[in-house]
Amino acid sequence: ESNVQVYGLIDAGVENVNHAAANGNGVTRVVSGGMNTSRWGFRGSEDLGGGLKAVFQLEGGILLDTGNMDTALFRRQANVGLEGEWGRLVAGRSFTTVYDTVIAYDPMGFAPSYSWATSGPATGPSKYGFTTGFDNLIKYSGSTGNLKYGATIGLGEQTTGAADSRKVAGNVAYSANGLGVMATWERINGNVVPATGNRDENTVWHVGASYETGPWKLWGVVRDFKTVAGKAATPDVKATTVWGGVAYKPQPNVTLTGAIYRIDVKNVAAGKDADPIMYVARYRYALSKRTDLYVATAYAKAKNGQLTGLSRDDAGFDTSQRGVIGGIQHRF
Amino acid sequence: ESNVQVYGLIDAGVENVNHAAANGNGVTRVVSGGMNTSRWGFRGSEDLGGGLKAVFQLEGGILLDTGNMDTALFRRQANVGLEGEWGRLVAGRSFTTVYDTVIAYDPMGFAPSYSWATSGPATGPSKYGFTTGFDNLIKYSGSTGNLKYGATIGLGEQTTGAADSRKVAGNVAYSANGLGVMATWERINGNVVPATGNRDENTVWHVGASYETGPWKLWGVVRDFKTVAGKAATPDVKATTVWGGVAYKPQPNVTLTGAIYRIDVKNVAAGKDADPIMYVARYRYALSKRTDLYVATAYAKAKNGQLTGLSRDDAGFDTSQRGVIGGIQHRF
Amino acid sequence: ESNVQVYGLIDAGVENVNHAAANGNGVTRVVSGGMNTSRWGFRGSEDLGGGLKAVFQLEGGILLDTGNMDTALFRRQANVGLEGEWGRLVAGRSFTTVYDTVIAYDPMGFAPSYSWATSGPATGPSKYGFTTGFDNLIKYSGSTGNLKYGATIGLGEQTTGAADSRKVAGNVAYSANGLGVMATWERINGNVVPATGNRDENTVWHVGASYETGPWKLWGVVRDFKTVAGKAATPDVKATTVWGGVAYKPQPNVTLTGAIYRIDVKNVAAGKDADPIMYVARYRYALSKRTDLYVATAYAKAKNGQLTGLSRDDAGFDTSQRGVIGGIQHRF
């Protein structure tokens, strides 16, 4: 009776970075998910007739260096719904439709080593990134010809009002003749602050384009990030992130990727503007359709003596950091 | 070499309830498991010859709105044993044989939205329910013709004596010609209280009947709940729960269910007697053998200005609560 | 596209031990993994051509009496790598190659009930055991004819120097004509203690032999354990563990096993030398290739009025302990 598919992606590498602690030293470490987050899961669908399908997915991240789960058991995907010619509608926990859109416009495909497309480095007052998944989610994805569109809502589930803690995201993308363009928008609400009657409002939008011709592919994206505080006299958190990159396939099983990510930090005190930039290069060699070897290297630096780092998760300890990683990824 | 089956049940809905907080307001939320708890697992058996089989099961609950596991990884089922003509004997963690019996006599099938058959609402001094699963379990299930019977023990594993923290449950059920009857009994021990030499003793019994004819099915059950405290001068906790219901299938893929649950709370101070009652109605539409859509609504109220709520897990904030949920369930 | 295998081992038993608490009493309990730790997982490989394979494994332990995971989700195995005629190289989390070697030289196969081959009892100043698995692991296993060898490193990932918290292990084994011999060595580092410039260094080696002829198999192993403290004036922790055993198969589906484990504790105060010894006997009856029944019994005692116990995990409460367990194990 079962048509469930067991699947996963297992990615491990060895990374060396400098400036890994306040003592100024570097470190060499085993890393889970250098190119993509290690994961495992179940997915399936059932044909209900008339072009309708029931669909479900359960997927969790794995920290391969310790064997721990990456936060919750099925935090990447835990949803069920229906799919037809009209699109796909699921409820539960999932990535947003904005995530599904933006990942295709990152030359590095959100690689933990190295990309600032989901967020900037975990250094400074904010990561200036976007919200990749929602709890309490209802998600619609559809397409009409070359046009794709989607909308995601994460219910706030607050008894103080439906808008408190509510998260919404929407997106459109168009592709034809090797050209792709997309635009996304999202709004993440906090709860009302009694003293002001206002709530934290985080608004992020992206616009991006890509172009593919022969063995070449090019990308360029702009993200605008703004958080307006519900508390009085709390300054807005603002930044504009720009990235661009190129991938070249000199032969079918080799991909060379270069990318630059730059964050223009705004609304901070004069002379405290980190404006970090990261340069990335990656060599990817496919041993098969399901197994790759890769080497990636990156260099990040900040202005004005501010700290920065390569990582979206670990804070940096110096005004620059360089890293190199070699690894293997297998998909099943 | 492997004959394991991967299986699951994924159920998500959107629910609106009133009186969801002390502020009196309602809330709309994404709910995991409106009709049945979302779950995933592995099960299998091996033919050992001579009518004997080795059997095992691993099953865990999923909170679909966040992707978290529902308490322990395989808390629903984690057991291994043997099955033959003489019955089935397993050890580990599982539901009790009483659970396996009573679920068939609940018109709502223990639906989180909405049934008080496993326990009453999480409001007031007790839920007046029964213990659905045991740790440290040994479980026997058997049948002789139309008669089914079972016994379950959860070892207390206390060095102060085998009876401390011991849990035992037993049951019989008979069905023929559309008529079913059952009776169950269970005793959940605490540890001896040194001052009195007594221990908390919780005793729960059920008797129930069901009748099925054509598109109709009817149920009626009585549960008696009593906890005698091991401490001196601590009053007994007592209640009698009664439920009844009807299911009607106007066509093969539609089931209409109505149910009423009422708890007669005993041994509380005069005028503090909540005696909550819940009325439930559900429409279930089968898209296939493995996928259903459903809408359910319920209303609960308490007497004497006491608080109550629909939920077995979340305390109520008013003397009544109404809820409505629409959802989808897929089994694989 | 998927060639993943779902597999597991589910083992449950009922055990009685005496001296289970400070009150002197015994206890009867449901035990997960009497003969081997209960586990579940996924493994697979992909043929990459030219004798090369991509390999991965995810495996976690299960506490069957409660349904909980045994520490981290996939703490037993979470790794990916390559395998060829040159051997197998994986990165992530795994057992060490020393573990893979020593397990074949324990008559009880590291059975939780009962073996002191991974470590001695959890009673006294140390278990005097070895480190079965490493985080941040890189593991190489190879063979040349009848010779097997391996090396495992667990990166320390400290910015204070590559040797801080580093773990390394290596091993060789040779087998021919029913005779097997092995030797292993491992070094587990702590971090540098600033006051002395030294770090804790734990060094463990094993040498062992086995001989198989007809229905008989014999084993003998010596383990030397030594921890030199990084702090000043802290005495070394030292012990030599010796074990030996015999297995006899009177018929193909029955295995009788006897084993003795003895720990010679060194470098403790005069008259405080526990030197515990454990005697074990097991009857194992195979219902099939994948399902066994077993009964095991053991007795442990210590010298000089010191406490000891059978368990590697639970501390003992008396100078001796006896236990008996009966259980079932199924593999899928």
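Read on for an overview of the structure. (Residues numbered from 1 in each chain as written. Chains lettered and ligands numbered in written order. Predicted model: local features only at pLDDT ≥ 70, side-chain atom pairs only at ≥ 80, totals over all residues. Heavy atoms only, no water.)

Some remarks on the overall build of chain A
Moving on, step 1. In terms of regular secondary structure, chain A is built from 1 helix and 18 strands.
Moving on, step 2. Computed over the C-alpha atoms, the radius of gyration of chain A is 21 Å, within 12% of the 20 Å expected from 2.2 N^0.38 for a compact globule of 332 residues.
Moving on, step 3. Each principal axis of the C-alpha distribution contributes one length, and for chain A these read about 60 × 60 × 45 Å.
Moving on, step 4. Residue burial in chain A is summarised as follows: out of 332 residues, 53% are buried.
Moving on, step 5. Intrachain contacts of chain A at a sequence separation of at least 6 include 55% that bridge at least 24 residues.
Moving on, step 6. Looking at chain A as shown, the accessible area adds up to about 13,200 Å², and 54% of this sits on carbon and sulfur atoms.
Moving on, step 7. In chain A, which carries 33 positive and 28 negative side-chain charges, the distance between the mean positions of the two groups comes to 4 Å. (Helix = DSSP H or I, 4+ residues; strand = E, 2+ residues; numbered from the N terminus. Rg over C-alpha atoms; globule rule 2.2 N^0.38 Å. Buried < 20%, exposed > 50% of the residue type's maximum accessible area, 1.4 Å probe, protein only. Contact = heavy atoms within 4.5 Å. Areas by Shrake-Rupley, 256 points an atom, 1.4 Å probe, with all protein chains shown as cover. Lys, Arg positive; Asp, Glu negative; His and termini not counted. Charge placed at Lys NZ, Arg CZ, Asp CG, Glu CD.)

Side note on the interface of chain A and chain B
Moving on, step 1. Contact with chain A, which involves 34 residues of that partner, is made by 34 residues of chain B.
Moving on, step 2. In total, chain A and chain B occlude about 2,800 Å² of area from one another, counting both sides; carbon and sulfur atoms represent 70% of this.
Moving on, step 3. Remark: the boundary between chain A and chain B carries 0 salt bridges.
Moving on, step 4. Counting the contacts that link chain A with chain B gives 9 residue pairs in polar contact (both at pLDDT 80 or more).
Moving on, step 5. Contributions of two or more residues to the side of chain A that touches chain B are made by strand E3 (39–49), strand E4 (52–63), strand E6 (77–84), strand E7 (87–95) and strand E8 (133–144) of chain A.
Moving on, step 6. Looking at the side of chain A that touches chain B, the element that brings in the most residues is E6(A), giving 5 residues. (Buried area = accessible area lost by both parts, 1.4 Å probe. Salt bridge = Lys/Arg side-chain N within 4 Å of Asp/Glu carboxyl O. Polar contact = N/O pair within 3.5 Å; in protein donor to acceptor, adjacent residues only side chain to side chain.)

Quick notes on the packing of aromatic side chains
The geometry of an aromatic ring pair is captured by two quantities: the separation of the ring centres and the angle between the planes.
Moving on, step 1. The final tally for this structure, using the stated rule, is 42 aromatic pairs over all chains.
Moving on, step 2. Directly above the aromatic system of Tyr7(B) lies the positively charged group of Arg43(B), at a separation of 3.8 Å from the ring centroid. (Phe/Tyr/Trp six-rings, centres within 6.5 Å; stacked < 30°, edge-to-face > 60°. Lys NZ or Arg CZ within 6 Å of the ring centre and 35° of its normal.)

Digging into the interface of chain C and chain B
Moving on, step 1. Tallying the contact residues gives 34 residues for chain C and 34 residues for chain B.
Moving on, step 2. Together, the buried faces of chain C and chain B total about 2,800 Å²; carbon and sulfur atoms form 71% of this surface.
Moving on, step 3. Sorting the residues of chain C by area buried against chain B places Val30(C), Arg290(C) and Phe332(C) first, and these three jointly supply 19% of that buried surface.
Moving on, step 4. Taken together, the links from chain C to chain B amount to 0 salt bridges.

With respect to the relation of the copies chain C and chain B
Between the two chain copies there is a screw-like relation: a rotation about an axis and a shift along it.
Moving on, step 1. After a rotation of 120° and a shift along the axis of 0.0 Å, chain C superposes on chain B with an RMSD of 0.0 Å. Put plainly, the chains are arranged around a three-fold axis.
Moving on, step 2. In this assembly, only 15% of the residues forming the interface of chain C have copies in chain B that are likewise at the interface, indicating a heterologous arrangement. (Least-squares fit on C-alpha atoms with pLDDT ≥ 70 in both.)

Re the environment of Ala176(C)
Residue and element names in this part refer to chain C.
Moving on, step 1. Structurally, the position occupied by Ala 176 is in strand E10 (residues 167–176).
Moving on, step 2. Among the residues examined, Ala 176 registers a relative accessible area of 22% and is labelled partly exposed.
Moving on, step 3. Along the chain, Ala 176 and Asn 146 lie 30 residues apart, while their C-alpha atoms are 6.6 Å from each other.

Topic: unusual backbone geometry
Moving on, step 1. Of note, the bond from Ser113(A) into Tyr114(A) is cis; its omega dihedral lies within 30 degrees of zero at 10°.
Moving on, step 2. Note on placement: Tyr114(A) falls in the loop between helix H1 (97–102) and E8.
Moving on, step 3. Positioned with a positive phi, Asn136(C) is a non-glycine residue whose angle comes to about 50°.
Moving on, step 4. When you line up the elements, Asn136(C) lands in strand E8 (residues 133–144).
Moving on, step 5. Judged by relative accessible area, Asn136(C) falls into the buried class, the value being 11%.

Let's talk about the nonpolar core
Moving on, step 1. Ranked by internal contacts, the top residues of the largest apolar core, which has 64 residues, are Trp40(A), Phe42(A), Trp40(B), Phe42(B), Trp40(C) and Phe42(C).
Moving on, step 2. Here this core gets 5 residues from one element, more than from any other, and that element is E4(A). (Core = buried A, V, L, I, M, F, W, Y, C linked by side-chain atoms within 4.5 Å.)

Describing a nonpolar patch on the surface
All names here are of chain A.
Moving on, step 1. There is a patch of nonpolar side chains on the surface, built from Leu 147, Val 172, Tyr 174, Leu 179, Val 181, Tyr 211 and Leu 218 and spanning about 580 Å² of accessible area.
Moving on, step 2. Broken down by secondary-structure element, the contributors of at least two residues to the nonpolar patch are strand E10 (167–176) and strand E11 (179–193).
Moving on, step 3. By the element assignment, Leu 147 lies in strand E9 (residues 147–154).
Moving on, step 4. Judged by relative accessible area, Leu 147 falls into the partly exposed class, the value being 34%. (Patch = residues over 30% accessible without salt bridge, like charges linked within 9 Å, V, L, I, M, F, W, Y side chains within 5 Å.)

Quick word on the side chain of Ser38(C)
Residues and elements named next belong to chain C.
Moving on, step 1. For Ser 38, the position within the fold is in the loop between strand E2 (27–32) and strand E3 (39–49).
Moving on, step 2. Ser 38 gets classed as buried once you look at its relative accessible area, which sits at 1%.
Moving on, step 3. There is a polar contact of 3.0 Å between the side chain of Ser 38 and the backbone oxygen of Asp 11.
Moving on, step 4. Of the polar contacts made by the side chain of Ser 38, one reaches the side chain of Ser 32; its length is 3.4 Å.
Moving on, step 5. Those residues in contact with Ser 38 that sit more than four places away from it in its chain are Leu 9, Ile 10, Asp 11, Ser 32, Gly 33, Gly 60, Gly 61, Ile 62 and Leu 64.

Focus on the environment of Thr291(C)
Moving on, step 1. Here Thr291(C) is to be found in strand E17 (residues 291–301).
Moving on, step 2. We classify Thr291(C) as buried; its relative accessible area is 0%.
Moving on, step 3. With residues near it in sequence (within four places) discarded, Thr291(C) still touches Glu46(B), Leu48(B), Ala54(B), Tyr285(C), Ala286(C), Ile328(C), Gln329(C), His330(C) and Arg331(C).
Moving on, step 4. Polar contacts involving the side chain of Thr291(C) include one to the side chain of Glu46(B), which spans 2.5 Å.
Moving on, step 5. A polar atom in the side chain of Thr291(C) sits 2.8 Å from the side chain of His330(C).

A few points about the relation of the copies chain A and chain B
Moving on, step 1. When chain A is brought onto chain B, the operation consists of a screw motion whose angular component is 120° and whose axial shift is 0.0 Å, with 0.0 Å RMSD remaining.
Moving on, step 2. Looking at chain A, a mere 15% of its interface residues are interface residues in chain B too, so the copies touch through different faces.

What about the pairing of strand E4 (residues 52–63) of chain C?
Residue and element names in this part refer to chain C.
Moving on, step 1. Judged by how many residues are buried, E4 sits mostly within the fold: 9 of 12 residues are covered.
Moving on, step 2. With 10 bridges connecting them, E3 and E4 associate as antiparallel partners. Looking across to E4, one finds that Arg 39 is bridged to Gly 61.
Moving on, step 3. As consecutive antiparallel partners, E3 and E4 are separated by 2 residues, and within that stretch Gly 50 has a phi angle of approximately 65°, a positive value.
Moving on, step 4. Relative to strand E6 (residues 77–84), E4 runs antiparallel, the two sharing 7 bridges. Bridge pairing in E6 places Glu 59 opposite Gln 77.
Moving on, step 5. Here E4 pairs with strand E5 (residues 68–70) via 3 bridges, running antiparallel. Note that in E5 the partner of Leu 63 across the bridge is Asn 68. (Pairing = 2+ DSSP bridges.)

A short note on the side chain of Gln321(C)
Residues and elements named next belong to chain C.
Moving on, step 1. Topologically, Gln 321 is positioned in strand E18 (residues 320–331).
Moving on, step 2. Separated by 2.9 Å, the side chain of Gln 321 and the backbone oxygen of Asn 18 make a polar contact.
Moving on, step 3. Looking at Gln 321, its side chain comes within polar contact range of the main-chain nitrogen of Leu 310, at 2.9 Å.

Quick word on the environment of Leu307(B)
All names here are of chain B.
Moving on, step 1. Tracing the chain through its elements places Leu 307 in the loop between strand E17 (291–301) and strand E18 (320–331).
Moving on, step 2. Distance in space between the C-alpha atoms of Leu 307 and Pro 121 is 9.9 Å, their sequence separation being 186 residues.
Moving on, step 3. Leu 307 has contacts with Thr 123, Ala 302, Gly 316, Phe 317, Asp 318 and Thr 319, leaving out every residue within four places of it along the chain.

Brief notes about the pattern of salt bridges
Moving on, step 1. Enumeration according to the criterion identifies 40 salt bridges over all chains in this entry.
Moving on, step 2. With a closest N to O distance of 3.9 Å, Lys53(A) and Glu83(A) form a salt bridge. On the criterion of sequence distance, the pair formed by Lys53(A) in strand E4 and Glu83(A) in strand E6 is long-range, its members being 30 residues apart.
Moving on, step 3. The partly exposed category is assigned to Lys53(A), whose relative accessible area is 30%.
Moving on, step 4. A salt bridge links Arg76(C) to Glu59(C); its shortest N-O distance comes to 2.5 Å. Remark: Glu59(C) occurs in strand E4 and Arg76(C) occurs in the loop between E5 and E6; sequence separation between them is 17 residues.

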